[in-house]
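Next come the chains, spelled out residue by residue.
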Amino acid sequence: MKLTVAMITFNEEKNLDRTLNSIKNIADEIVIVDSGSTDKTKEIAEKYNAKFIFHPWKGYGLQRNFAIENSNGEWILAIDADEEVSLELADKIKEIIENESEKKVFEINRVSVCFGKVLKHGGWGKSYAVRLFTKSSGKFNDNTVHEQFVTEDKIYKINKKDIIYHHSYLTLQDYFTKFNRYTTEGALDYYRKGKKSSIFQIVFNPLFKFIRMYIIRLGFLDGVEGFVIATTSAMYSMVKYFKLREIYKNGAYNENNNIKN
């Protein structure tokens, strides 16, 4: 049974080498679907003999499915370019594949690393997502953002100590570089689904989010990084809903994820 590591990328030179180095000893094949990187992403991918395919951006779900369709392995490990497989998880993945059990779909615990610190609280210390599965067991839905793996098979959890490190944001500058793109994509996704924006969501929802992350979920125990993440996450919510309000006000959007003026 062979394992294909399937990824999607766009200008990931800061992360990709770390990610590919973490899976090089378990991957029989690496498939990277890129949406037009202009940095050294392709050069790094080729260093690991990855199959590098250009595919115009169609949204997270469709991009992931395209990567899976171009994979030859019976097993798929779908990870992001800013994720790192721990040594313990790599050993567990090899064990699962070698045993060829009847279990076909697995959720893996992801622990966020922000600004160089592993976050243990505030809702960032544990986040299970389907990452390991057989190629025939299902596919991701077509969501532009917040895509989910759809399967009729039972989903099993790998031990929470066998983790993926999600290097969410390297620096605060990196955070805000992604901030604008992600809030726009989130607003557009809500617009397509017919969701509305309101004063409550713009003003009070961010406040509640900060209280939930920083106080209720003990984000303050992560020090200054916990405070910054709780604050910027609240701001993320506010900006996303305000952009949704702008979309309705302007009356249209285009498929390049840009709000029309």
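Quick caveat, the model's predicted, so the values are computed rather than measured. (Residues numbered from 1 in each chain as written. Predicted model: local features only at pLDDT ≥ 70, side-chain atom pairs only at ≥ 80, totals over all residues. Heavy atoms only, no water.)

(A) Representation of the packing of helix H5 (residues 172–192) against helix H7 (residues 223–250) within the structure. Between H5 and H7, the least distance of the axes is 8 Å, while the angle of their chain directions is 40°. On the basis of their axis angle, the class for H5 and H7 is oblique. When you trace H5 past H7, the crossing you get is right-handed. For the contact of H5 with H7, the per-class residue count stands at 17 nonpolar, six polar and two charged. (Axes fitted to C-alpha atoms, helices over the stretch in contact; angles between N-to-C directions. Helix = DSSP H or I, 4+ residues; strand = E, 2+ residues; numbered from the N terminus. Parallel < 35°, antiparallel > 145°, perpendicular 65-115°, else oblique. Left-handed = near helix turned anticlockwise from the far one by under 90°. Nonpolar A, V, L, I, M, F, W, Y, C, P; charged D, E, K, R; others polar.)

(B) Quick look at the nonpolar core. The biggest cluster of nonpolar side chains holds 29 residues, and the ones touching the most others in it are Ile23, Leu77 and Leu132. Ignoring any residue separated from it by four or fewer positions in sequence, one finds Ile23 in contact with Val5, Ile30, Leu77, Ile79 and Val85. In terms of nonpolar packing, the next biggest core, distinct from the first, is built from 14 residues, Ala6, Val33, Val130 and Phe140 among them. (Core = buried A, V, L, I, M, F, W, Y, C linked by side-chain atoms within 4.5 Å. Buried < 20%, exposed > 50% of the residue type's maximum accessible area, 1.4 Å probe, protein only. Contact = heavy atoms within 4.5 Å.)

(C) Broad picture of unusual backbone geometry. Positive phi, close to 50°, is recorded for Asn11, a residue that is not glycine. Inspection of the secondary structure assignment puts Asn11 in the loop between strand S1 (3–9) and helix H1 (16–23). Positive phi, normally seen in glycine, also occurs at Asn49, with a value near 60°. Inspection of the secondary structure assignment puts Asn49 in the loop between helix H2 (41–47) and strand S3 (51–54).

(D) Main features of the packing of helix H6 (residues 199–216) against H7. Taken N-terminus to C-terminus, the directions of H6 and H7 make an angle of 160°; their axes are 8 Å apart at the nearest point. As far as their axial angle goes, H7 and H6 are roughly antiparallel. Two packed elements cross with a definite hand, and for H6 against H7 that hand is right-handed. Contact residues: Gln201, Ile202, Asn205, Pro206, Lys209, Phe210, Met213 and Tyr214 in H6; Gly226, Phe227, Ile229, Ala230, Thr231, Ser233, Ala234, Ser237, Met238, Tyr241, Phe242 and Arg245 in H7. Looking at the contact of H6 with H7 residue by residue, the classes come out as twelve nonpolar, six polar and two charged.

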